[in-house]
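An overview of the molecular structure
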Amino acid sequence: MNFYGRDFLRILDFSEEELHYMLAMAKKFKEMKHEGQNHKFFPNKNIAILFEKTSTRTRCSFEVAGYDLGMGVTFLDPSGSQMGHKESIADTARVLARLYDGIEYRGFDQKIVDDLAKYSDVPVWNGLTDECHPTQALGDFLTIQEHFGELKGLTLAFVGDTRNNVANSLMAMSAKMGVNFIACGPNELRPSDEIINKCRPIAEKNGSTISITSDVAALNGKADVIYTDVWLSLGEPQEKWGERIELLKPYQVNSSLMSGAKDTAIFLHCLPSFHDLNTSIARDVNKVFGITEMEVTNEVFESERSLVFEQAENRMHTIKSVMFLTLYNKEEK
Ligand code: CP
Ligand code: NVA
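In this report, the structure presented in the accompanying data block is examined. All of these numbers come straight from a predicted model, not from anything done at the bench.

Criteria and cut-off values
- Residues numbered from 1 in each chain as written.
- Chains lettered and ligands numbered in written order.
- Predicted model: local features only at pLDDT ≥ 70, side-chain atom pairs only at ≥ 80, totals over all residues.
- Heavy atoms only, no water.
- Near = heavy atom within 4 Å.
- Polar contact = N/O pair within 3.5 Å; in protein donor to acceptor, adjacent residues only side chain to side chain.
- Areas by Shrake-Rupley, 256 points an atom, 1.4 Å probe, with all protein chains shown as cover.
- 1 Å grid on protein atoms, 1.4 Å probe; cavity = no way out; pocket = protein on both sides within 12 Å on 5 of 7 lines; lining within 4 Å.
- Sits in = over half its atoms within 2 Å of the grid points.
- Nonpolar A, V, L, I, M, F, W, Y, C, P; charged D, E, K, R; others polar.
- Pairing = 2+ DSSP bridges.
- Helix = DSSP H or I, 4+ residues; strand = E, 2+ residues; numbered from the N terminus.
- Axes fitted to C-alpha atoms, helices over the stretch in contact; angles between N-to-C directions.
- Contact = heavy atoms within 4.5 Å.
- Phe/Tyr/Trp six-rings, centres within 6.5 Å; stacked < 30°, edge-to-face > 60°.
- Buried < 20%, exposed > 50% of the residue type's maximum accessible area, 1.4 Å probe, protein only.
- Lys NZ or Arg CZ within 6 Å of the ring centre and 35° of its normal.

1. Some words on the site of ligand 2
Around ligand 2, the surrounding shell consists of Leu-128, Asn-164, Asn-165, Val-166, Asp-229, Val-230, Ser-233, Leu-234 and Leu-271. Side-chain polar atom of Ser-233 to a nitrogen atom of ligand 2: 2.8 Å apart, as the coordinates give it. For ligand 2, an oxygen atom lies 2.7 Å from a polar atom in the backbone of Leu-234. Considering ligand 2 on its own, with 270 Å² of exposed area, one finds that the protein chains cover 94% of that surface. More than half of the atoms belonging to ligand 2 lie within 2 Å of the grid points that define the largest pocket. Considering only residue class, the shell around ligand 2 consists of five nonpolar, three polar and one charged.

Have a look at this one:
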């Protein structure tokens with residue numbers, strides 16, 4: 001296996017063995033971190049992390065992982081740099097590739113991160129695009145593996161906006177890991193045929209299935225993991241709230257939905273989440289539509305089955321694994 005110099009743009013770019021190796025390396029890094037072992041392997045390297053959309057977990061995970069590996073980290077967003085308004089992303093990337101050893105990018109079109117990778121000769125890591133969120137799926141599968149021990153044969157149900165970036169990466173990761181994937185949401189928000197057609201043969205090869213349903217009852221007795229995400233993603237127009245609430249209300253993860261899953265099922269969410277009225281967006285939505293909880297109820301979010309904060313921590317360990325593997329040159333002394 002050779003990761004050195006490679007980009008991390010989407011899950012499907014990596015083989016099953018490579019993804020397993022990334023998870024194993026993340027587990028090692030998690031142990032090192034918890035035991036307080038020094039792992040500053042790259043004292044002479046620097047990375048730039050570019051955010052065209054807001055972030056808490058992904059930004060902080062790249063920063064902490066970078067510092068833990070001994071690297072310098074520069075954060076850039078459109079408000080504090082020329083990026084996007086005075087200089088194109090492609091030009092910014094080519095400048096940064098002269099200065100830095102690796103570049104993270106979070107933004108809109110997948111083509112932008114693909115182009116960054118094409119035009120820069122250092123590893124580019126995808127920190128979320130409209131199409132996918134591959135570092136998220138890696139962290140999620142570390143969480144699932146830690147909890148259940150074995151991945152193969154489990155069933156993950158993504159409930160809600162099943163054509164969003166997080167769902168796409170989870171479908172791909174499930175296919176690669178031999179996990180059955182159920183996309184459960186309204187037909188209007190069905191995953192694209194393109195992604196289904198790419199993932200199905202991979203799942204089949206690994207002994208699992210990809211199914212698409214609009215019927216919540218189809219999850220009954222099947223799901224080991226119930227996963228949901230916000231009903232309106234970053235970059236989508238606020239005017240869509242009304243339409244989304246109408247479409248997605250039947251897919252709210254609440255105690256009744258959870259009781260249909262296996263008794264041993266866990267709840268996951270990439271976060272941030274609208275499970276109460278403690279955010280300004282949730283309060284604005286509440287004023288107009290009268291709802292107090294959206295994609296998940298507070299009861300489920302705060303329940304023992306919810307592993308969302310372990311999941312958030314695992315973002316950092318898996319991102320560290322991706323950066324380490326793509327920056328580490330075995331030939332270098
Ligand atoms: N899950 C996730 O990507 O969170 P942030 O948007 O806070 O980075
Ligand atoms: N689907 C969400 C994920 C956030 C981590 C979004 O794109 O906003």
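Having put the structure on the table, let's press on.
2. Thoughts on the site of ligand 1
By nearness alone, every residue bordering ligand 1 is listed as Ser-55, Thr-56, Arg-57, Thr-58, Arg-106, His-133, Gln-136, Cys-270, Leu-271 and Arg-315. A distance of 2.6 Å separates an oxygen atom of ligand 1 from a polar atom in the side chain of Ser-55. Arg-57 is positioned such that a nitrogen or oxygen atom in its side chain is 2.8 Å from an oxygen atom of ligand 1. A total of 250 Å² of accessible area belongs to ligand 1 in isolation, and the protein chains cover 94% of it. Among the detected pockets, ligand 1 sits in the largest pocket. The residue inventory of the shell around ligand 1, partitioned by class, reads two nonpolar, five polar and three charged.

3. Looking at the sheet that holds strand E8 (residues 225-228)
Strands sit in the order E7-E6-E5-E8-E9 across an open sheet of five strands; the sheet is parallel. Either end of the sheet is taken by a strand with one partner, and the two such strands are strand E7 (210-213) and strand E9 (266-269). Strand-to-strand twist in this sheet, taken as the mean axis angle between neighbours without regard to direction, amounts to 20 degrees. Note: strand E5 (residues 155-159) against strand E6 (residues 180-184), five bridges, orientation parallel. Bridged to Ala-157 within E6 is Ile-182. This element, helix H5 (residues 134-148), spans E5, E8 and E9 of the sheet and lies at about 165 degrees to E9.

4. Details of the sheet that holds strand E3 (residues 102-106)
Across a sheet, strands are paired by hydrogen bonds formed along the backbone, either parallel or antiparallel in direction. The strand order E2-E1-E3-E4 describes an open sheet built from four strands, whose pairing is parallel. Looking at which strands have only one partner, the edges of the open sheet turn out to be strand E2 (72-76) and strand E4 (124-126). Neighbour-to-neighbour, the strand axes of the sheet open up by a mean angle of 20 degrees, direction not taken into account. Sheet analysis places E3 next to E4, joined by three bridges and oriented parallel. Residue pairing for E4: Ile-103 is matched across the bridge by Val-124. Packing of helix H2 (residues 57-68) onto the sheet brings it into contact with strand E1 (46-51), E2, E3 and E4, and relative to E1 it is tilted by some 175 degrees. Here helix H3 (residues 89-99) sits on the sheet and contacts E1, E2 and E3; the angle it forms with E3, its principal contact strand, is near 155 degrees.

5. Some words on the packing of aromatic side chains
With the rule as written, the count across this model stands at 13 aromatic pairs. Where Phe-8 meets Phe-14, the ring centres are 5.4 Å apart and the plane angle is 40 degrees; that geometry is what we call tilted. You'll find Phe-8 and Phe-14 in the same group, each marked buried. Linked through ring pairs, Phe-29, Phe-41, Phe-42, Phe-324 and Tyr-328 together constitute an aromatic cluster. When the ring centre of Phe-108 is taken as origin, the NZ or CZ atom of Lys-53, which lies over that ring, is 4.8 Å away. Over the ring of Phe-75 we find Arg-59, and its NZ or CZ is 3.5 Å from the ring centre.

6. Let's talk about unusual backbone geometry
As a rule of thumb, non-glycine residues mostly have phi less than zero, and peptide bonds are mostly trans rather than cis. A cis geometry characterises the amide bond from Leu-271 onward to Pro-272, with omega recorded as 0 degrees. Along the chain, Pro-272 turns up in the loop between E9 and helix H10 (280-289). Despite not being glycine, Leu-128 has its phi angle at roughly 120 degrees, a positive value. Among the secondary structure elements, Leu-128 is positioned in the loop between E4 and H5. Backbone geometry places Leu-271, a non-glycine residue, at a positive phi of 65 degrees. Residue placement: Leu-271 occurs in the loop between E9 and H10. What makes Leu-271 buried here is its relative accessible area of 10%.

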